[in-house]
Amino acid sequence: MSHKVVIPIGPYHPLQEEPELFRLYVEGEKVVDIDIVIGYMHRGIEELSEHKHFDQVAFLVERICGICSTSHPFAYVNAMEDLAKIQVPERALYIRTIIAEMERIHSHLLWLGLAGHFIGYNTVWMWAWKYREPVLDMFEMISGNRNHYAMMKVGGVRRDIKDQDIPVLKKAIDELVPAVDMFRGAVMDDPVIKARLKGIGILTKQQAIDWCVVGPTARASGINIDVRRDDPYGVYDRVTWNVILEKDGDIFAKTKVRILELYESVSIIRQCLDKMPKGEIDANIKDIPPGEGIGRVEAPRGECFHYVRSDGTNRPVRHKIRAPSFMNVASNKVAAVGGTISDAAITLAAVDPCYCCTERLIVLDKDSYRKLMNGWDLIKLSQAKTEELKKSISSRQSQI
Amino acid sequence: MSILDEIKDRLKDKILDWHEHAARRIYITINPRDIQEVASTLFKDLALRFTIATGQDTPGGLEILYHFSFDKTGQIISVRVLIEDKKKPQIHSITPLFPAAEWIEREIWEMLGINFLGHPNLKRLLLAEEWPEGKYPLRKS
């Protein structure tokens with residue numbers, strides 16, 4: 001008997017930074033349609049920004065996201081510097097780049113841990129978060145804060161990186177490399193993870209183009225874009241690094257892109273620390289002329305876009321903000337449909353949205369709204385699939 | 001031929017104003033009635049990526065900037081339209097051309113009250129259901 005049910009995923013969970021609701025329509029095991037409802041965390045920041053001084057806006061937009069908290073102020077200062085054609089001191093550009101790449105490392109490790117948890121690899125989760133800690137400690141050393149570092153300022157940065165901190169930073173970065181090696185081995189060579197993540201949640205290249213996805217989600221589908229290379233800001237055009245590209249568009253490809261990007265971030269930070277010149281860190285901007293400016297940043301999740309218009313007063317008249325997840329989350333409409341419920345949690349999490357919503361899943365009977373499963377049941381379902389794969393793979397190996 | 005020349009060549013008389021703020025920041029003004037054709041040319045023929053659209057209330061009317069990104073050169077082409085009628089503002093939707101525009105058109109619709117003709121799913125994106133009809137948070141008046 002076909003049993004059509006609706007599964008609402010979300011919207012609230014104490015862990016997640018942005019609640020959202022995914023209403024999955026399923027027939028048996030198969031997801032046939034998905035309805036995405038956002039807006040639970042709409043705080044009107046674009047409007048708020050019109051009431052703040054240009055200097056205050058950097059603090060405001062930092063609070064859009066708790067994880068990629070430097071991407072928004074970075075994109076905002078880029079927009080302001082485009083608007084007013086400001087020349088930023090060289091040292092400040094290096095410091096900005098170092099902060100942005102450290103953020104990418106901690107954000108990718110955070111995602112890796114949660115992805116591990118969703119498929120039943122809690123060791124990956126614990127390890128990933130363990131190695132994320134030293135990165136947060138480095139942020140604390142530089143800025144006094146583990147999150148919300150408040151480093152960006154129109155025309156420069158607010159704090160310098162002290163000379164005596166540089167060797168400590170270098171050591172912490174170097175110590176990350178063996179950990180990333182371990183993850184690469186653990187994830188990419190593990191037959192179970194491969195079997196679990198390959199071929200699910202596929203976003204084809206054409207779908208990626210139509211939905212205009214960005215960041216690792218796009219690069220895993222063979223779209224060769226990266227704002228750091230295409231529209232360079234900071235000092236990305238003065239250091240050597242590679243854009244990581246994959247073709248398959250499945251969860252495995254997205255995982256691979258993020259793990260390999262960790263190496264590139266480590267390399268960028270090392271080069272920046274070596275090349276960073278001495279000098280001023282702030283251009284001391286007082287007035288902003290009328291005009292409009294666009295700033296972009298490759299945040300850990302993809303292109304972050306800010307548009308600012310000024311009328312010559314000390315506040316913006318319009319400030320448009322587009323976070324990468326705005327494009328990426330919408331693409332779940334095609335990535336999750338056609339898959340099974342046991343893959344839904346990891347598929348929705350694979351674009352690296354605000355993951356934790358996937359932890360609050362409820363399966364309801366479509367007609368009676370009777371509760372069939374809750375979120376934990378669905379994560380268990382996802383983990384059980386991994387267990388089955390483990391068993392079938394090990395029994396096959398023992399037969400050989 | 002550079003992408004800018006190609007855009008000029010394809011859009012020709014549809015361009016009312018062409019402004020290069022910086023080498024990578026280009027602003028084009030067009031008539032609102034041409035938006036579907038221009039968006040189709042940029043997205044489908046010239047393979048630009050739709051980044052986002054910005055709606056704003058200006059003294060002269062409601063303005064929408066459609067930002068397209070050409071990633072090979074890192075240029076952003078912002079297509080500007082001005083809808084002068086603030087009482088019943090409307091424009092053709094570009095969502096039928098590519099699904100990526102669906103959410104932002106819904107957002108502009110609820111925040112500024114611009115009606116997108118032909119949008120397949122014009123309902124609230126961010127505002128709560130209890131928010132009163134006809135009140136637009138980003139309108140200046």
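Description of the overall build of chain B
Line of reasoning, step 1. Along chain B, the regular secondary structure elements total three helices and seven strands.
Line of reasoning, step 2. The secondary structure elements of chain B, listed N-terminal to C-terminal, are α-β-β-α-β-β-β-β-α-β.
Line of reasoning, step 3. What you see for chain B is a C-alpha radius of gyration of 15 Å, in line with the 14 Å of a compact globule of 141 residues.
Line of reasoning, step 4. Expressed as lengths along the three principal axes of its C-alpha atoms, the size of chain B is roughly 50 × 30 × 25 Å.
Line of reasoning, step 5. Counting the 141 residues in chain B, one finds 43% classified as buried.

Some thoughts on the pairing of strand 1 (residues 15–22) of chain B
Residue and element names in this part refer to chain B.
Line of reasoning, step 1. In this structure, strand 1 lies alongside strand 2 (residues 25–30), joined through six bridges in antiparallel fashion. Opposite glutamate 20, over in strand 2, you have isoleucine 26 as the bridge partner.
Line of reasoning, step 2. Hairpin geometry of strand 1 and strand 2 is characterised by an intervening segment of two residues between the two adjacent antiparallel strands.

What about the confidence of the model for chain A?
Line of reasoning, step 1. Confidence in the prediction of chain A, expressed as mean pLDDT, is 86, and 89% of residues score 70 or more.
Line of reasoning, step 2. The low-confidence segment residues 354–366 of chain A, where pLDDT is below 50, has 61 contacts with residues more than four positions distant or belonging to other chains.

Observations regarding the interface of chain B and chain A
Line of reasoning, step 1. Each partner contributes to the interface: chain B provides 21 residues, whereas chain A provides 21 residues.
Line of reasoning, step 2. Ranked by the residues each element gives to the side of chain B that touches chain A, the list is headed by strand 3 (residues 49–58) of chain B, at six residues.
Line of reasoning, step 3. Of the residues contributing to the side of chain B that touches chain A, the split by class is 13 nonpolar, four polar and four charged.

Details of the sheet that holds strand 3 of chain B
Hydrogen bonds between backbone groups are what pair the strands of a sheet, and the pairing can be parallel or antiparallel.
All names here are of chain B.
Line of reasoning, step 1. The mixed open sheet is built from five strands, whose spatial order is 1-2-5-4-3. Only two strands of the sheet have a single neighbouring strand rather than two, namely strand 1 and strand 3. Recorded for the sheet is a direction-independent mean angle of 20° between the axes of neighbouring strands.
Line of reasoning, step 2. Helix-sheet contacts for helix 2 (residues 35–45) involve strand 2, strand 3, strand 4 (61–70) and strand 5 (75–83), and the interaxial angle to strand 5 is about 175°.

With respect to the domain arrangement of chain A
Accessible area lost upon the coming together of the parts serves often as the stated size of an interface.
All names here are of chain A.
Line of reasoning, step 1. With domains assigned, chain A is organised as domain 1 (4–40 + 336–399) and domain 2 (45–326).
Line of reasoning, step 2. Domain 1 puts 23 residues into the contact, and the matching count from domain 2 is 21 residues.
Line of reasoning, step 3. For the side of domain 1 that touches domain 2, the secondary structure elements donating two or more residues are helix 14 (341–350) and helix 15 (375–399).
Line of reasoning, step 4. Here the side of domain 1 that touches domain 2 is built from residues that sort into 11 nonpolar, six polar and six charged.

Considering the confidence of the model for chain B
Line of reasoning, step 1. When pLDDT is averaged along chain B, the result is 94; 100% of the residues meet or exceed 70.
Line of reasoning, step 2. Model confidence for the complex is summarised by a pTM of 0.90, with the ipTM given as 0.96.

Structural notes on unusual backbone geometry
Residues and elements named next belong to chain A.
Line of reasoning, step 1. Positive phi, close to 50°, is recorded for alanine 150, a residue that is not glycine.
Line of reasoning, step 2. You can see alanine 150 is positioned in the loop between helix 5 (122–143) and strand 4 (152–153).
Line of reasoning, step 3. With 17 C-beta atoms packed within 10 Å, alanine 150 lands in the partly exposed category.

Overview of the environment of A:Val88
Residue and element names in this part refer to chain A.
Line of reasoning, step 1. Mapped onto the fold, valine 88 is located in the loop between helix 3 (71–84) and helix 4 (90–118).
Line of reasoning, step 2. Given 23 C-beta atoms within 10 Å, valine 88 falls into the buried group.
Line of reasoning, step 3. Placed 295 residues apart in sequence, valine 88 and glutamine 383 show a C-alpha to C-alpha distance of 49 Å.
Line of reasoning, step 4. Not counting chain neighbours up to four residues away, the residues in contact with valine 88 comprise Glu81, Leu93, Gly155, Gly156 and Ala283.

Some details on the nonpolar core
Line of reasoning, step 1. A:Met80, A:Ile95, B:Ile77 and B:Val79 are the most contacted members of the largest nonpolar core, which has 149 residues in total.
Line of reasoning, step 2. Sort the elements by how many residues they give to this core and helix 4 of chain A lands first, with 15 residues.
Line of reasoning, step 3. If you count residues domain by domain, this core takes at least three from each of domain 1 (4–40 + 336–399) and domain 2 (45–326) of chain A.

Quick look at the sheet that holds strand 7 (residues 302–310) of chain A
Residues and elements named next belong to chain A.
Line of reasoning, step 1. Taken together, three strands build an open sheet; the order of strands is 6-7-8 and the sheet is antiparallel. With one partner strand each, in any of the chains shown, strand 6 (291–299) and strand 8 (316–322) form the two edges of the open sheet. For this sheet, the mean inter-axis angle between neighbouring strands, taken without regard to orientation, is 15°.
Line of reasoning, step 2. Note: strand 7 against strand 8, six bridges, orientation antiparallel. Each bridged residue has a counterpart across the sheet, and for serine 310 the counterpart in strand 8 is proline 316.
Line of reasoning, step 3. Most of the contacts of helix 3 go to strand 6, to which it runs at about 145°, and overall it touches strand 6, strand 7 and strand 8.

Description of helix 3 of chain A
An α-helical turn contains 3.6 residues, so any two residues separated by three or four positions project in the same direction.
Line of reasoning, step 1. Between its first and last C-alpha, helix 3 of chain A extends 20 Å over 14 residues, near the 20 Å set by a 1.5 Å rise per residue.
Line of reasoning, step 2. Phi turns positive one or two residues past the end of helix 3 of chain A, at A:Lys85, with a value near 50°.

Things to note about the environment of A:Asn242
All names here are of chain A.
Line of reasoning, step 1. By the secondary structure assignment, asparagine 242 is in the loop between helix 10 (227–230) and helix 11 (251–275).
Line of reasoning, step 2. By the C-beta count within 10 Å, which is 12 here, asparagine 242 ends up exposed.
Line of reasoning, step 3. Once the C-alpha coordinates of asparagine 242 and cysteine 68 are considered, the two residues, 174 residues apart in sequence, prove to be 21 Å apart.

A closer look at the packing of helix 6 (residues 165–188) of chain A against helix 11 of chain A
Residue and element names in this part refer to chain A.
Line of reasoning, step 1. Where helix 6 contacts helix 11, the axes come no closer than 10 Å and their chain directions differ by 160°. Viewed along their axes, helix 6 and helix 11 adopt a mutual orientation that is roughly antiparallel. Helix-helix and strand crossings are classified by hand; for helix 6 and helix 11 the assignment is left-handed. Two secondary-structure elements touch here, helix 6 through Ile166, Leu169, Lys170, Ile173, Leu176, Val177, Val180, Phe183, Arg184, Val187 and Met188 and helix 11 through Thr255, Lys256, Ile259, Leu262, Tyr263, Val266, Ile269, Arg270 and Leu273.
Line of reasoning, step 2. In terms of residue class, the contact of helix 6 with helix 11 is made up of 15 nonpolar, one polar and four charged.

A look at the environment of A:Asn122
Residues and elements named next belong to chain A.
Line of reasoning, step 1. Its location among the elements puts asparagine 122 in helix 5.
Line of reasoning, step 2. Its 12 C-beta neighbours within 10 Å are what place asparagine 122 among the exposed residues.
Line of reasoning, step 3. Note: C-alpha distance between asparagine 122 and glutamine 383 (261 residues apart in sequence) is 10.0 Å.
Line of reasoning, step 4. With residues near it in sequence (within four places) discarded, asparagine 122 still touches Gly116 and His117.

Here we look at the pairing of strand 4 of chain B
Residue and element names in this part refer to chain B.
Line of reasoning, step 1. In terms of burial, strand 4 is a largely internal element, nine of the 10 residues being buried.
Line of reasoning, step 2. Where strand 3 and strand 4 come together, nine bridges link them in antiparallel fashion. Each residue of the ladder has a partner; that of threonine 54, found in strand 4, is leucine 65.
Line of reasoning, step 3. Linking two consecutive strands that pair antiparallel, namely strand 3 and strand 4, is a turn of two residues.

Analysis parameters
Residues numbered from 1 in each chain as written. Chains lettered and ligands numbered in written order. Predicted model: local features only at pLDDT ≥ 70, side-chain atom pairs only at ≥ 80, totals over all residues. Helix = DSSP H or I, 4+ residues; strand = E, 2+ residues; numbered from the N terminus. Rg over C-alpha atoms; globule rule 2.2 N^0.38 Å. Buried ≥ 20, exposed ≤ 12 C-beta atoms within 10 Å, placed from the backbone. Pairing = 2+ DSSP bridges. pLDDT = per-residue confidence, 0-100. Contact = placed C-beta atoms within 7 Å. Nonpolar A, V, L, I, M, F, W, Y, C, P; charged D, E, K, R; others polar. Axes fitted to C-alpha atoms, helices over the stretch in contact; angles between N-to-C directions. Domains from an automatic or database assignment. Core = buried A, V, L, I, M, F, W, Y, C linked by C-beta atoms within 7 Å. Expected span 1.5 Å × (residues − 1). Parallel < 35°, antiparallel > 145°, perpendicular 65-115°, else oblique. Left-handed = near helix turned anticlockwise from the far one by under 90°.

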